[in-house]
Amino acid sequence: MCFDYNGSRQIVPNYAVPKINTSTLSGIHAVNNSLVLNNKSYYVWTASDGRRYPWAVNNGYVGWAVSESLLTENTNRGETSSRWEMGKAGDILTHLAQGSSLWDELYSRKEVLSTCEKVGIKPGFFSIDAGAGKHTYILQESGNVINVDKNIERWNNINWIGSGYKEGDTFSIYGNEYAIDSSGHIHVSTDDTFTSTDVKFPSKSLTKIV
């Protein structure tokens, strides 16, 4: 670890840098498919080989504590696979905690499913709050993740009357029914209780041409 002091480069050997004691840290576990992590806090991530890593939570960032990640130059080669697994898991949870979509180009669905399973998230609706607000998703058996927040925002912003529907037409969204109002909009809330992952649109109104 190095730093600049009065224009001079100072080096602190790794053995002299205090390390976080992972035995004092709590694990990361979802309760009823809701993962809540205290902001500005530390947790422990246990890789599949049993190696334990200190993680920091900071405004939606979830992953390896910076103080520890700076010490990697003396890391044994045997740690490479566990660090790779740990890094991927942190990236996936950070994207979810910040409300971002997960793209197949970055993470395989197998990796997403494995990470979610490791923190106790099962297929179906789940939420995560790690200091950047609560975000809601649907985890499918395949490992695909649907961003419920973004879907709801998009559906609420569409003028459905202008899209071929009429006032009173009813949408069935996640087990609830929502009718188009006079302004052409439906009003879905992330605070609603959802009982199904299905979304059904009504048939479009037919306009008779004279």
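Residues numbered from 1 in each chain as written. Predicted model: local features only at pLDDT ≥ 70, side-chain atom pairs only at ≥ 80, totals over all residues. Heavy atoms only, no water.

Within the chain, the regular secondary structure consists of 4 helices and 12 strands. For the chain, long-range pairs separated by at least 24 residues make up 51% of all intrachain contacts whose partners lie at least 6 apart in sequence. When the accessible area of the chain is evaluated, it comes to approximately 12,400 Å², of which 50% is carbon and sulfur surface. (Helix = DSSP H or I, 4+ residues; strand = E, 2+ residues; numbered from the N terminus. Contact = heavy atoms within 4.5 Å. Areas by Shrake-Rupley, 256 points an atom, 1.4 Å probe, with all protein chains shown as cover.)

Another aspect to go through is the pairing of strand S11 (residues 176-179). Burial along S11 is one-sided: the face carrying Asn176 and Tyr178 is buried and the face carrying Glu177 and Ala179 is not. Bridging between strand S10 (residues 170-173) and S11 involves 4 bridges; their strand directions are antiparallel. Bridge pairing in S11 places Ile173 opposite Asn176. Between S10 and the antiparallel strand that follows it, S11, lie 2 residues; Tyr174 among them carries a positive phi value of about 55 degrees. (Buried < 20%, exposed > 50% of the residue type's maximum accessible area, 1.4 Å probe, protein only. Pairing = 2+ DSSP bridges.)

Attention shifts here to helix H3 (residues 109-118). Within H3, the full set of buried residues consists of Val112, Thr115 and Cys116. Buried residues of H3, seen end-on, are gathered within an arc of 95 degrees and therefore sit on one face of the element. Along H3, the residues that are exposed and aim more than 90 degrees away from the buried face are Lys110 and Glu117. The first or second residue beyond H3 is Gly120, which carries a positive phi of 90 degrees. (Arc of directions from axis to C-beta.)

Another point: the nonpolar core. For soluble globular proteins, the rule of thumb is that nonpolar side chains tend to be buried together. Within the largest apolar cluster, 30 residues are counted, with the highest numbers of intra-cluster contacts made by Leu35, Trp45, Trp55, Leu93 and Leu96. Those elements that place two or more of their residues in this core are strand S4 (41-46), strand S5 (52-58), strand S6 (61-64), helix H2 (80-97), H3, strand S7 (124-129) and strand S8 (134-139). The element that contributes the greatest number of residues to this core is H2, accounting for 6 residues. Judged by nonpolar contacts, the second largest core, of 14 residues, contains Ile138, Ile180, Ile186 and Phe194. (Core = buried A, V, L, I, M, F, W, Y, C linked by side-chain atoms within 4.5 Å.)

Once that is clear, we can look at the sheet that holds S10. Taken together, 3 strands build an open sheet; the order of strands is S11-S10-S12 and the sheet is antiparallel. The open sheet has two edge strands, S11 and strand S12 (199-200), and neither has a second partner. The pairing of S10 with S12 spans 2 bridges and is classified as antiparallel. Note on S12: the bridge partner recorded for Ile173 is Val199.

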